[in-house]
Amino acid sequence: MSQTKFVVVGALALLGAIVFSGRLSDPAPPATDEASAAAGGTLRIGVDSAEPAYYKVDGVTKGFDYQMARSVAEGMGAEPEFVEMEFNELFPALEAGKIDMIGAQVTKTEAAERKYDFSAPYFVTYVSFLAPKGSTIKSRDDIDGKKVAVVEGTVQERYLEEQYEDVTVIKTPNADAAVRSMGRGEADAFFYGAPYSRSVIKGAPIPLTEPIVYQAEDAPIGFVVREGDQRKEQIDEVIEDMVLDGEWVKIKTDYFEAVPLSEVFREKGA
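Quick notes on the rules
Residues numbered from 1 in each chain as written. Predicted model: local features only at pLDDT ≥ 70, side-chain atom pairs only at ≥ 80, totals over all residues. Heavy atoms only, no water. Pairing = 2+ DSSP bridges. Helix = DSSP H or I, 4+ residues; strand = E, 2+ residues; numbered from the N terminus. Axes fitted to C-alpha atoms, helices over the stretch in contact; angles between N-to-C directions. Core = buried A, V, L, I, M, F, W, Y, C linked by side-chain atoms within 4.5 Å. Buried < 20%, exposed > 50% of the residue type's maximum accessible area, 1.4 Å probe, protein only. Contact = heavy atoms within 4.5 Å. Patch = residues over 30% accessible without salt bridge, like charges linked within 9 Å, V, L, I, M, F, W, Y side chains within 5 Å. Areas by Shrake-Rupley, 256 points an atom, 1.4 Å probe, with all protein chains shown as cover. Salt bridge = Lys/Arg side-chain N within 4 Å of Asp/Glu carboxyl O. Lys, Arg positive; Asp, Glu negative; His and termini not counted. Charge placed at Lys NZ, Arg CZ, Asp CG, Glu CD. Phe/Tyr/Trp six-rings, centres within 6.5 Å; stacked < 30°, edge-to-face > 60°. Lys NZ or Arg CZ within 6 Å of the ring centre and 35° of its normal.

## Overview of the sheet that holds strand β11 (residues 212–215)
Judged by pairing direction, the sheet is mixed, and its five strands sit side by side in the order β9-β8-β10-β7-β11 without closing on themselves. The open sheet has two edge strands, β9 (168–172) and β11, and neither has a second partner. Pairs of neighbouring strands in the sheet enclose a mean axial angle of 25°, with direction left out of account. Two strands pair when backbone bridges link them, and strand β7 (residues 126–130) and β11 are joined in this way by four bridges, in the antiparallel orientation. By the bridge assignment for β11, S128 is matched with V213.

## Quick word on the nonpolar core
Residues F64 and F223 are the most contacted members of the largest nonpolar core, which totals 29 residues. In terms of residues, this core owes the most to one element, helix α3 (residues 64–75), which gives six residues. With sequence-adjacent residues up to four places away left out, F223 is seen in contact with M68, A69, V72, M101, I102, G103, D117, F118, S119, Y122, I235 and I239. In terms of nonpolar packing, the next biggest core, distinct from the first, is built from 18 residues, I143, V148, V155 and A219 among them.

## Description of a negative patch on the surface
Negative charge collects at one region of the surface, where E233, E237, D241, D245 and E247 lie side by side. With three residues, helix α9 (residues 231–244) is the single largest residue contributor to the negative patch.

## Re unusual backbone geometry
The amide bond that connects E51 to the next residue, P52, takes the cis arrangement and shows omega of 10°. Positive phi, normally seen in glycine, also occurs at D58, with a value near 55°. Inspection of the secondary structure assignment puts D58 in the loop between β2 (55–57) and β3 (60–62). Looking at D58, the relative accessible area reads 78%, which means it is exposed.

## Regarding helix α6 (residues 155–163)
Given 3.6 residues per turn, any residue in an α-helix points the same way as the ones three and four places further on. For α6, the full list of buried residues reads V155, Q156, E157, Y159 and L160. If you follow the buried residues of α6, they end up packed against β7, β8 (147–151), β9, β10 (189–193) and β11.

## Some thoughts on the environment of Y159
Tracing the backbone through its elements, the reader meets Y159 in helix α6. For the pair formed by Y159 and V127, sequence separation is 32 residues and the distance between their alpha carbons is 9.7 Å.

## Observations regarding the pattern of salt bridges
In total, this model carries 13 salt bridges according to the counting rule given. Of the charged contacts in the structure, one is a salt bridge between K108 and E113, with a shortest N-O distance of 3.9 Å. Accessibility classification places K108 together with E113 in one group, the buried group. Between D229 and R231 there is a salt bridge, with its nearest N and O atoms 2.8 Å apart. For R231, a relative accessible area of 2% corresponds to the buried category. Each of the salt bridges in this network shares a partner with another, and the network as a whole consists of R44, D100, D229 and R231.

## Focus: the packing of aromatic side chains
The way to describe two aromatic rings as a pair is by their centre distance and the angle between their planes. Scanning the entire structure with this criterion turns up 14 aromatic pairs. Summarising the aromatic geometry, the rings of Y122 and F223 are spaced 4.1 Å apart at their centres and angled 15° between planes, so their arrangement reads as stacked. Of the two residues, Y122 sits in the loop between β6 (116–118) and β7 while F223 sits in the loop between β11 and β12 (224–226), which places them 101 residues apart along the sequence. The residues Y122 and F223 share a single accessibility class, namely buried. Look at F191 and Y214: their rings are 6.4 Å apart centre to centre, the planes differ by 15°, and that puts the pair in the stacked class. You can see F191 sitting in strand β10 and its partner Y214 sitting in strand β11, a full 23 residues away along the chain. Grouping residues by exposure puts F191 and Y214 together as buried. Three or more aromatic residues joined by ring pairs make a cluster, and in this case those are F64, Y122, F123 and F223. Of note, R140 hangs over the ring of Y214, and the distance from its end group to the ring centre comes to 3.6 Å.

Printed below as a string of structure tokens:
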């Protein structure tokens, strides 16, 4: 699931000038595959099923990442095909050529950009701490000395290790397991992407506190493709068009109305 941190930059510089590079030993997909996906073929998009990024209601697919990825594919002239899997399965699937692009709130990090290519950012996000009702954790400062659950492989795991020295990190395979670890008393809190907080609270088997939300730093979110995939340029162009013509802010407002709009996009007229 994704995950977080972002840069506040001026005007057209971000989408037009930020260039993300990657390093991956696996070869890029054959040019014929790229051409077909960009000209009426299929773009296979790996997604992690979680509200509000990608989910289904009464058989109808919804979600911020779903709508963004679908618009990107259509803007490229490709037919989107969504492939659902666990977050930790997305990158192996991309490397193996089972999918062409990841659209699951993935944050650009130095480690990730050494292996993959990231598109221009299509979102900036927030992180949050969740705790059981009655917890003494009321702010970020209360996390010191606590046991905090994370979903293994997410940016939150790295954040805890880098930014909180006096914290015991409890690694779990998914959000449900993290919440259950709090229920068993194995973890005092759960550190996760803020956009998912409400759905976690709604589905939790134990009552949880209101999320402690804060804006992360220096980690925009983008679509991920294999290193050297020529479709990255097309993806970037479609994202910039969506921001400038207002489509991006409409989709964003449908799912993240309560989340403040970052200057990254505000200064572009969004």
